[in-house]
Structures are given as structure tokens and as C-alpha cells.
Amino acid sequence: MSCVKVVSLQVNYDEVRAVDNISFELEKGRVYGFLGPNGSGKTSTIKALAGILEPACGEIILNGHDLATARQKALLKVGYMPDFAPVYENLQVWEYLDVFAAAYGLPSAERPGHISKWLEKTDLTSKKEALVRGLSRGMRQRLVFARTLLSTPDIILLDEPASGLDPISRKQMRDILKECRGNGAAILISSHILSELSEFVDSLIILEKGRLVMSGSIEDIRSRLGGGQKLALRFSRPEDGEIFRNLLAEENIEAGRVVQDQERYVVIFKGSSGAAGGFLQKLMGRGVSPLECAISSDDVEDIFLKVGAREVA
Amino acid sequence: MMKKLNDNALFLSCWYERSRPVNIICLGALYAGLIILSYFTSMNVPARDMNALQVFLIVCEVAQAGVLLLAGTLFVFSLSSRERQCGTLDFHRNSPEAVKDKIVGLVFGAAWFEWLIFGGLFLLEVVLAPLTEIGVWRVMLYNLSLVLTALLFHSAAVLISLLTTRQNHRNSPLVMVGLFFFVMPLFGMVTSFTAGTGFYHILGLGAASYALPPGQHWGSQGWFFGLNLPLIILQAVLQVPLIVFIVRALFRTFCQPNSPAWSKDDILRICFFLLTVVTGLCVGAYFDPQAASGILNSHYRSDNGRAGILFGLASLHSTVYVFLGIAAAFFLSPSYFQYRKYQDLSTKKLVARSAFNDGASAFGPQMVYIMQGAAYYGFYLAATGTGWLNSLCLVFICAGYILGFTAFLEYYRLGEFRNNTAWFVTILAVWWGFLPWLGFIISKGDQYVNFLTMLGPLTGLALMQYFVAHQAVPYLPALCAPLVTAGILWALVFAREENRNPA
């Protein structure tokens, strides 16, 4: 069920059209990777969805409410985290969270419980009474992450949430986001660290020069890009290499789809997901027993590179 | 329904920041120290014809004003700037809290301690007042006057800080102090012409005389048009609409972050209100016996005192008219972003074409403003009955300056030089400064009026006011300079518009 609907969104800055007529929908219980090179319009789109930037035109519907006409209702269940951590330097950590718990309408009696829960989840309990100005960059990022999820939002908009976080905190963040997805939240996450998205992203939205290049589930995009399986092989005997090359010729696999690194070959397959497996079966049927063999699908990074999005001029 | 203050996010953020015991103790001690020292200083003034209790009461009243209007405004400015500077304002824009709660939180939260001190002193004054000549009623009126002025100052401080602060750039509260000193000469200038001025009452100075015993007051009475209003009423008449305009701007600042703080309609309403205030007080000064009896600036004294006042006020009115129009141009001329947005939407027929859209040209609204101002000259023309030709010329000259500047600003904002401030400043300096200066140099005793001296408002307006005051007829062709310049500039603006959007 879709909880975010963006129709013909356009965002302008003076002479630059940062977002140009893009439309997409986000469904509940799914994580969307928001990809694109620098200046492709990711941050502008997220800010427009969060109601911070006025779109030049287009429609944004959040949980069934039009952001332009029913702002308060539309933003009721939206959590937004920008790419830097806006904080009140002179407030204590719990005070900071209390301010925003109040902003999201949590009753004063319930606020301490929520705050303690999220401090624990983001590993900041020991810093509860500390002043925010004394926190490290990573801690501030975790604090803002806790603020974002404090009101248990249905729509979570994250702009480079992992910047400044150490590997343990990143894993913590991923686990929390998986939990949110399990609870039915729609998550839109923009990140340059593509490898970390691969693990838990269900769908992708790819922008280039403010335009939507491609969107859909990862499986869907892989098949649209022509499959996207890689078969890695290493042979123990030289004659096995010869049989392998013959089979490549028989199967009409072009040389450009085969990468050789010393004794190791990587073959890129398009088409159905079973192509790599079928090729391996045929190879073994001719008596070849590879020293190493692995089949993998295109990850988020491969897809992004295939789409080949370029930066805005 | 208004939220409780402990559920108001912006109030809480200010509350937490300012409620540290050390802050409270230091500031409380500072305020108490000032009151005590002021009391003893006042008691040492010789020839003070008041008892100690009355002096203490007046000191408390002055302290209330200082704490709430000065310290309170600075705290409001500082904490509002912080929201913008550290980026948390975006979180509040993004939160589902009602905008009115956000405004209440910022306006009252940032100066909650000053409001507390104010409340405490008010209770003390209510107890002391019956024991003095001042009385409870005057104390109540004085406090009401302070509350109104504080609401105006604090809401203005929030708006100015949100509009002037940039993210990651600290905006010093000194900006407020600087602004205050920048505006003060304007108040002074206006006060020298008339006994009662809009700025005098907007600052709440008129109603401040309620702090003194009955019969003792300073400054003017409350003459507005032909009515002598109670000072607190006059203050409310002037301050409440301004507070409403500021709150409307704050609503837009929260909900439409990329739009100007005021819509074109609002700007015209503000201008209409300010012109009404100036006219009302000018006409009021005509009826005010105190104003006619010698407070006037000596330049405008004449045998016929009232005619002198009228010409003086006409000069004041034309100055306010032109510079208000020039200030309005900054809000009425669209930014490039707004212009592009409006063009896109109107081309796609998603928005109706309107002269009052944020992205539309300022020409239409400025014409409305010019007509508003010209209509007010009817008062002067009707009242004087003489010098109508010069008064009419003055109206056309004012309209020329306003339209000319607006066209220049629009040309600059929408053209290829829009990011080049030096271009704008240089052209303006030549147009308003160097060319009129050159005009003075080459004029040969014909009263300095020539095409060049009339080009800019700084010189042209002063010359024209002189002719109006002395009922002399200047060289008429030279008076066309502002309108001709405005016509050329608007032709340039519209020509570029045609090139950009060929039919």
C-alpha cells in the first residue's frame, strides 16, 4: 500500500532545475535506496518531501494528505534526518529529544519512556545528561537518528544517515531500520556508501540531473538491465581453460562480458537468473571441475554503475 | 486550541536553555542590582518632589520596560537566530506542530524569564500604587502599554532574526541594537516636525507617561486626524495592526520557506496602514494646539502657523511616500526563483495569471501603491487650497522615483546581472548621487533645478519640497526627469520580458 505519492515534482534553485518532473510512490514496509551522483537532486527531493523546500510545482501526498494543503496532517508521521546533524548545542541530550518528542505531540507523561528507549537503542544512555556540544560527530548523528524515529514515523526520510558513523553504529542503524521496516514503515534512504545499502534495500530510485532514470524493485531493475549475474571461475588445468573458451564461443558470449584476472575469469550474464547456473552445468558436463566457482547477482553498486548516472553539469 | 507550554517544542527548547540555575541567579541578581541602584540614584536627585515609595514605584516601572523591552528583545533575537543558525528550524518546519504554536513558543519562550520578572514587578506595583499618587488604574494602563510594545518588539525580533540569519553563521544580537540606532534618527527627524508621530507611539513612548502621576506627562497628546484619543488607544491602534502583519509574515516564513515573508497584498496593506498613520498624525498635528504653538522646526515657522505646518507635513509625507515605496519595491519585485516558478506554473495553466502573485512583476502593485499615496495628498490639497500645482508636481515626482527604482530593481533581479551586487550599487550611485551632483555643478543660479538634479530622490525631493514650502514654481520641464527615467526603465524591463516569452 503506497503511503508516499510524488507526482511531477519540480524543485528549482535560481537558474538550476534541481529536480525535474519526477514521479514515484513509496509503499509501506519497504526500504528504498535513493541513488544518484552529487547534484542529482536527491537532497532537494528529500527536503521537498519533508516540507522544508517549496517545490516549484508538483504534488506530494503523504499518508493520503496533500503536503501543500494539509501540511500538519501530512507531516504527522514523517521522520526526517538531514545529511548533517542540526542540534541545540546548549541542551542536554535528553532535553533535545524531549523538545522534539513534544513537537510530534507525545504527551509529557509518555515522553521520558520514549526517550529512554531510543537512547538505549542508539547507545547514548550514558550521555543522557551530557550537553550536546560535548558529543562527537558520530554521537550527534546517532542523537539525530534517535530524534527521527522518536515519534515512530510511518515514513522515514534519511539523507546520508551513516556519514560520520563507525562500523558498529552503522550496523546498529541498519538493524533499527530493518525493525522499522518490519513495523510497516516506508524508508527512503540516500547514501553514497552503496555497499551498505545492498544488504537491506528492497527497491531503488535512481536520479540523474534531477530526472528519474530508473525505479523499481532490485530484481525488476536487474532484469531490466539485462539480468545481472556474475559467474567467477578458476581452473586447475590449462585444458579446462580451453574447454571454457570453446563453450563461450558456442554460447555466443561476447568477449566484452568476460573479465580475466590472471587465472580467474568472471563472466557477466544478462537475461534470466538461471543463465549462469546453466552455463556452469554445461561446463561441468564436459568434465571440467573448477578450483573455485561462485555465482553472484548484481549488487546496488553494480546496478548504479550500469545505469551510469552522471553528475549535473 | 493552543497547546500547553510544556508541550510546546520551541518554548521547551528556550526554557531548557535559559533555566540553568547559574543563568537564573546571575541574571536575577543583575536585574535586582539595577533596580536597587536606580532607586538610590533617583533618591539622590535634588529637588525631587516625590516620596520614597513613589520613586520606588517609578523605578520598578522603568525596570519593567528595560527588562522586557530591551533584555527581552535581545534574548528573543538571540534564541530565534540560534534556530536558523544551527539548522533546527528545519526540524520545526518539518514537525506537525501547528504554526501558531511554533510562533507562540518562540515569542514567549525566549524571554520567559523577563516575562516572569515583569509579572512579579507588576504585582508589586499593584500593591504599592494605591499608596502613591499614581494609582492602580494608571499602573494597569502602563503595564498594558508595555505588554503591547513587548509583543511588537518580540515578534519583530523573531521575524528579523529568521530573515537575516543564515545556517552556520552566527547573527549577533548587535544587529538588533544596530537596527535600533539606525531607525532612531528617523524617529528624531519626524519628531522635530510634529508633536505626535507614528514612531513615537509605535515605540510606546506616548503611553509611557502613565508611569507618572496624573497631570505629569511628556510628549504629545493623542491627536489622530481630528480626534484626541487616549494615549493607550492610539498606541493600540498603531501597534496591533503591525503585530498582525508581523505574525502573518511569521506564518509564511514557517510554511513557505522559499517565498517572501509578505505577499504583495500584505505589503500594500502595510503601506496603506503606514500612510494612514502618517496622514492621521499629520492631520492630527493640524488640530493639536500644542503643535501649532512652537514645537515645529524653525524652518517651517511662518506668520501663518497652520499653513507652515501643512507644508512641513506635506514634505514629511512625500519623504515617507517615496522611501516607503522604495522599501516596498524590495518585497514587490519578484526574485528570479519566484519569477521562474510563476512562469512555469502559469504556462502550464496550474496557476491563474495575477499581478499579485509572488512571481509577478511589481508594476501593478506599485501603481496601486502610488494611487494610495496620491489619494492621501487630497488631504493636503484640500486643506491648503493654495500651491496645488506644486503639490501635484510633487506627486508626479514621487511616483517617478518609486516607479523608476522598482523598474531598476526588477531589471537587476531578473536580468543577467542578478548576482552582481557591485553593478547594482554602481549604477544606483551614479544615478542618485553623481549625476545630481554634476547637475549642481553645472547649474548657474537657476535654483539648482535642472534635469540632472531632479534625477535622484535624495536631491530632487529636497528641492521640490523647498518649492512646495515656499510656493514657488520651479522650471517645469526639469520635473519630468523622474517620470522619463522610470518610463525608459520599464520599457527595458518589458522589452526583455517580450524577448524571453515570445507570444
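Residues numbered from 1 in each chain as written. Chains lettered and ligands numbered in written order. Predicted model: local features only at pLDDT ≥ 70, side-chain atom pairs only at ≥ 80, totals over all residues. Heavy atoms only, no water.

### A short note on the overall build of chain A
Tallying secondary structure elements over chain A gives 11 helices and 14 strands in all. With respect to the principal axes defined by its C-alpha atoms, chain A has extents near 75 × 45 × 35 Å. Put simply, chain A has 313 residues, and 50% of those count as buried. Contacts spanning at least 24 positions in sequence make up 70% of the contacts within chain A whose residues lie at least 6 apart. (Helix = DSSP H or I, 4+ residues; strand = E, 2+ residues; numbered from the N terminus. Buried < 20%, exposed > 50% of the residue type's maximum accessible area, 1.4 Å probe, protein only. Contact = heavy atoms within 4.5 Å.)

### As for the overall build of chain B
When you go through chain B residue by residue, the secondary structure sums to 19 helices and two strands. By the burial criterion, 54% of the 503 residues in chain B qualify as buried. When the accessible surface of chain B is split by element, carbon and sulfur atoms take 72% of a total near 21,800 Å². (Areas by Shrake-Rupley, 256 points an atom, 1.4 Å probe, with all protein chains shown as cover.)

### Considering the interface of chain B and chain A
With 41 residues of chain B at the contact, the number on the chain A side is 41 residues. Interface area, chain B with chain A, both sides summed: about 3,600 Å², of which 51% is carbon and sulfur. Here chain B is connected to chain A by four salt bridges. Across the salt bridge formed by Arg111(A) and Asp7(B), the nearest N and O atoms sit 2.9 Å from each other. Put simply, chain B and chain A have 18 residue pairs in polar contact (both at pLDDT 80 or more) between them. Residue assignment for the side of chain B that touches chain A shows that the elements contributing at least two residues are α1 (9-18), α3 (52-85), α4 (88-94), α10 (231-255) and α14 (336-347) of chain B. Taken together, the residues of the side of chain B that touches chain A sort by class into 15 nonpolar, 12 polar and 14 charged. (Buried area = accessible area lost by both parts, 1.4 Å probe. Salt bridge = Lys/Arg side-chain N within 4 Å of Asp/Glu carboxyl O. Polar contact = N/O pair within 3.5 Å; in protein donor to acceptor, adjacent residues only side chain to side chain. Nonpolar A, V, L, I, M, F, W, Y, C, P; charged D, E, K, R; others polar.)

### A word on the domain arrangement of chain A
What the domain assignment lists for chain A is domain 1 (2-223) and domain 2 (228-297). The centre of domain 1 of chain A, based on its C-alpha atoms, is set 42 Å off from the matching centre of domain 2 of chain A. (Domains from an automatic or database assignment.)

### Examining the sheet that holds strand β8 (residues 186-190) of chain A
Residues and elements named next belong to chain A. Spatially, the six strands line up as an open sheet ordered β6-β7-β8-β3-β9-β10, and their pairing is mixed. For this open sheet the edge positions go to β6 (78-81) and β10 (211-217), each flanked by a neighbour on one side alone. Direction aside, neighbouring strands of the sheet carry axes that sit 15° apart on average. Pairing geometry for strand β9 (residues 203-208) and β10, over six bridges, is antiparallel. Note on β10: the bridge partner recorded for Ser203 is Ser217. Packed onto the sheet, helix α5 (residues 137-149) meets β6 and β7 (155-159) and runs at close to 165° relative to β6. The sheet contacts of helix α6 (residues 167-182) involve β3 (31-35), β6, β7 and β8, and relative to β8 the element is tilted by about 150°. (Pairing = 2+ DSSP bridges. Axes fitted to C-alpha atoms, helices over the stretch in contact; angles between N-to-C directions.)

### Observations regarding the packing of helix α7 (residues 135-164) of chain B against α10(B)
Residues and elements named next belong to chain B. In contact at an axis separation of 9 Å, α7 and α10 are set at 25° when each is read in the N-to-C sense. Accordingly, the angle class assigned to the pair α7 and α10 is roughly parallel. Where α7 crosses over α10, the handedness of that crossing is left-handed. (Parallel < 35°, antiparallel > 145°, perpendicular 65-115°, else oblique. Left-handed = near helix turned anticlockwise from the far one by under 90°.)

### Focus on the nonpolar core
Counting 188 residues, the largest nonpolar core has Leu62(A) and Tyr96(A) as the members making the most contacts within it. If near-sequence neighbours (up to four positions away) are discounted, Tyr96(A) is found in contact with Pro86(A), Val87(A), Tyr88(A), Leu91(A), Val132(A), Leu143(A), Val144(A), Arg147(A) and Phe91(B). (Core = buried A, V, L, I, M, F, W, Y, C linked by side-chain atoms within 4.5 Å.)

### Some remarks on a nonpolar patch on the surface
Residue and element names in this part refer to chain B. A grouping of Val430, Phe434, Trp437, Leu438, Ile441 and Ile442 is seen on the molecular surface, where their side chains present a nonpolar patch of about 630 Å² in accessible area. Mapped onto the fold, Ile441 is located in helix α17 (residues 421-442). Taking the relative accessible area as the measure of exposure, Ile441 reaches 60% and is therefore exposed. (Patch = residues over 30% accessible without salt bridge, like charges linked within 9 Å, V, L, I, M, F, W, Y side chains within 5 Å.)

### Considering the pattern of salt bridges
Taken as a whole and judged by the stated rule, the model has 24 salt bridges over all chains. Ionic pairing is found between Glu242(A) and Arg245(A), a salt bridge with its closest N-O pair at 3.6 Å. Of the two residues, Glu242(A) and Arg245(A) both sit in helix α9 (residues 238-250), three residues apart, roughly one turn of that helix. One network of salt bridges, with partners in common, ties together Asp98(A), Arg111(A) and Asp7(B).

### So, the packing of aromatic side chains
All names here are of chain B. Evaluation of the coordinates by the stated rule reveals 37 aromatic pairs over all chains. On the numbers, 5.8 Å between centres and 80° between planes, the contact of Trp112 with Phe113 is edge-to-face. Like Phe113, Trp112 is buried. The rings of Phe330, Phe405, Phe408, Tyr411, Tyr412, Phe417, Trp423, Phe424, Trp431 and Trp432 are connected pair by pair, giving a single aromatic cluster. Geometry around Phe75 places Arg18 over its ring, the cationic atom sitting 3.5 Å from the centre. The aromatic ring of Tyr411 is capped on one face by Arg496, whose charged end is 3.9 Å from the ring centroid. (Phe/Tyr/Trp six-rings, centres within 6.5 Å; stacked < 30°, edge-to-face > 60°. Lys NZ or Arg CZ within 6 Å of the ring centre and 35° of its normal.)

### Here's the deal with the environment of Asp358(B)
Residues and elements named next belong to chain B. Here Asp358 shows up in the loop between α14 and α15 (363-384). Taking the relative accessible area as the measure of exposure, Asp358 reaches 13% and is therefore buried. For the pair Asp358 and Tyr342, spaced 16 residues apart in sequence, the C-alpha to C-alpha distance is 7.7 Å. Those residues in contact with Asp358 that lie beyond four places of it in its chain are Arg252, Ser259, Pro260, Ser263, Lys264, Pro334 and Gln338. At 2.8 Å, the side chain of Asp358 forms a polar contact with the side chain of Arg252.

### Regarding helix α1 (residues 42-49) of chain A
Across the eight residues that make up α1(A), a large majority, six, are buried. Downstream of α1(A) by one or two residues, Gly51(A) has phi in the positive range, about 80°.

### Observations concerning the pairing of strand β11 (residues 229-234) of chain A
Residue and element names in this part refer to chain A. Bridge count between β11 and strand β13 (residues 264-269): six bridges; the pairing is antiparallel. Residue pairing for β13: Gln229 is matched across the bridge by Phe269. Bridge analysis of β11 against strand β14 (residues 292-297) gives six bridges, and the strand direction is antiparallel. Bridging from a neighbouring strand, Ala232 pairs with Ala294 of β14.

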